[in-house]
Amino acid sequence: MKVHRNVTIVEVDEAVLLTELEAATGLSGAVIRRLSPTVVVIDDGRTEELLGELVRRGYAPRTREP
């Protein structure tokens, strides 16, 4: 059993978008685990960096606090 703390979940509507984000941003280096074709768990320490990069590249990420 693995327990991960301090992680962020990234969820997209279409698997192709997640693949695009992994190729075009630093997302792939922050992924801890892929949960499904549209959901990944990333290192929480990289969340703000990735959000900034997504905005600079023209994406409009929505965030939600627990």
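In what follows, the accompanying structure is described. The structure presented is a predicted model; accordingly, all values stated were derived computationally and were not measured.

**Let's talk about the layout of surface pockets**
- The calculated volume of the largest pocket comes to roughly 1100 Å³.
- What lines the largest pocket is a set of 26 residues, among which Ile9, Val10, Glu11, Arg62 and Thr63 lie closest to the centre.
- Looking at side-chain class alone, the lining of the largest pocket contains 15 nonpolar, four polar and seven charged residues.

**Let's talk about the environment of Val12**
- Among the structural elements, Val12 can be located in the loop between β1 (7-11) and α1 (15-24).
- Judged by its relative accessible area of 10%, Val12 is buried.
- For the pair formed by Val12 and Asp44, sequence separation is 32 residues and the distance between their alpha carbons is 17 Å.
- When sequence neighbours within four positions are dropped, the list of residues in contact with Val12 reads Leu17, Leu18, Leu21 and Thr38.

**Structural notes on helix α3 (residues 47-56)**
- All of the buried residues in α3 are Thr47, Leu50, Glu53 and Leu54. The buried side chains of α3 occupy one side of the element, clustering within an arc of 130° when seen end-on. Counted as exposed and oriented over 90 degrees from the buried face of α3: Glu48, Val55 and Arg56.
- Downstream of α3 by one or two residues, Gly58 has phi in the positive range, about 95°.

Reading the values: rules and limits
In every chain, residue numbers begin from 1 and rise along the written sequence. Per-residue local features are limited, in this predicted model, to residues with pLDDT of at least 70; the limit for side-chain atom pairs, both in listing and counting, is 80 or more; totals at the level of whole chains, interfaces and linings are taken over all residues. Side-chain metrics rest on all non-hydrogen atoms present in the structure, leaving aside hydrogens and water. Here a cavity is any set of points on a 1 Å grid over the protein atoms alone where a 1.4 Å probe fits but cannot get out, and a pocket is any open set with protein on both sides within 12 Å along at least 5 of 7 lines; a residue lines the site when it has an atom within 4 Å of a point. Grid points are joined across faces, edges and corners, and a volume is the space filled by probe spheres set on the points. All amino acids are sorted into three groups, where Ala, Val, Leu, Ile, Met, Phe, Trp, Tyr, Cys and Pro are nonpolar, Asp, Glu, Lys and Arg are charged, and the leftover types, Gly among them, are polar. Secondary structure elements are taken from DSSP: a helix is a run of H or I of four residues or more, a strand is a run of E of two residues or more, and numbering for both begins at the N terminus. Each residue is assigned to one of three classes by its accessible area relative to the maximum for its type, calculated with a 1.4 Å probe on protein chains only: buried under 20%, partly exposed between the two thresholds, exposed over 50%. Contacts: residue pairs with any heavy atoms within 4.5 Å of one another. Comment: arc refers to directions from the helix axis out to C-beta atoms.

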